[in-house]
Amino acid sequence: MGEKGVQKPLQKLFSRVRKQSNKVKTFLGVFTVLTLLVTLKLLIHEHNHFFVLAEFAHFIGILVLIYKLSTLKTCSGLSLKTQQLTATFLFVRLYCSLQIEGDIHTLLDLVTLVATFWLIYMMKYKLKSSYMADLDNMKKYVVIVPCLVIAFFIHPRTNNLIISILWAFATYIEGVSVLPQLRLMQNVKIIEPFTAHYVFALGVSRFFSCAHWIIKVYDTAGSYLSLTGGGFLWIPMLILAEIVQTFVLADFCYYYVKSVIQGQMMVRLPA
């Protein structure tokens, strides 16, 4: 009774929001994001904690997929290309991190990379029959090549040019690695719970990471954007990449929350 009592007002709220004009929906969306940012700023004082939360949320999403593949014995609805792109940016970032300075982020990346390799192995070999190869149809070079080109021209300024370019490449790939998964889900239209939980966890992860940079810029009154040590346009491009990641996943997160509030197990995407 308690859960239904909570869901009913939330269902009415979503119903009212859905009937509003696009301008009102946009205003409500911006207001919600700003409210969350202010709340995070008040609750979290150490900026580094945002990255830890982001990486932890990503790892939780990976654990959800591990549970799905190991218990249901199917990888239906999952994009192998997104997992391969995820392994790519994790591997590159881990290499760069080891060259610069190992820390808690290095450990989290290593654990997530190992788990991602396991997912790729299961999808490519053990559960190959359930993989939707025909619907996972986004070409990886469409994602990789532009990221590599941009990284060559816009990267942080360090003593090692190769590490700088590789770090930028990993950052840009991370921003668009979920695109094949979103493309597959758009082709399927109906998303089963475990895949939906995973993508929502990615959305939460990206929001924490994006919040870090926005709050960082706010706390420095915008001066952080023009740090010369970051290389020409690196900091603005980094923040832009984080914002793109967040907004790419925001639409799905809306439908995910809507489905949860309505008590639906499956997430239905619009045509």
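Residues numbered from 1 in each chain as written. Predicted model: local features only at pLDDT ≥ 70, side-chain atom pairs only at ≥ 80, totals over all residues. Heavy atoms only, no water.

Under an unreviewed UniProt entry, the chain has the name Er lumen protein-retaining receptor b and belongs to Nicotiana attenuata. Heading Sequence similarities (unreviewed entry) of the UniProt record for the chain holds this comment: "Belongs to the ERD2 family." If you open the UniProt record of the chain and go to Subcellular location (unreviewed entry), you find "Endoplasmic reticulum membrane". (UniProt positions renumbered as here; feature names shortened; annotations may be inferred.)

This brings us to the side chain of Ser209. Mapped onto the fold, Ser209 is located in helix 9 (residues 193-219). Not counting chain neighbours up to four residues away, the residues in contact with Ser209 comprise Phe51, Ala54 and Glu242. (Helix = DSSP H or I, 4+ residues; strand = E, 2+ residues; numbered from the N terminus. Contact = heavy atoms within 4.5 Å.)

For the rest of this paragraph, the subject is the environment of Ile190. In this fold, Ile190 is placed in strand 1 (residues 190-191). The spatial distance from the C-alpha of Ile190 to the C-alpha of Arg268 is 4.7 Å, given a sequence separation of 78 residues. Beyond its immediate chain neighbours, meaning those up to four positions away, Ile190 contacts Met266, Val267 and Arg268.

Once that is clear, we can look at the UniProt feature "transmembrane region" (unreviewed entry) in the chain. The UniProt feature table records "transmembrane region" (unreviewed entry) at residues 26-44, 50-70, 106-125, 137-155, 161-182, 194-215 and 235-257. Helix makes up 74% of residues 137-155 and strand 0%, with an end-to-end C-alpha separation of 30 Å. Annotated as 91% helix and 0% strand, the span residues 161-182 places its first and last C-alpha atoms 33 Å apart.

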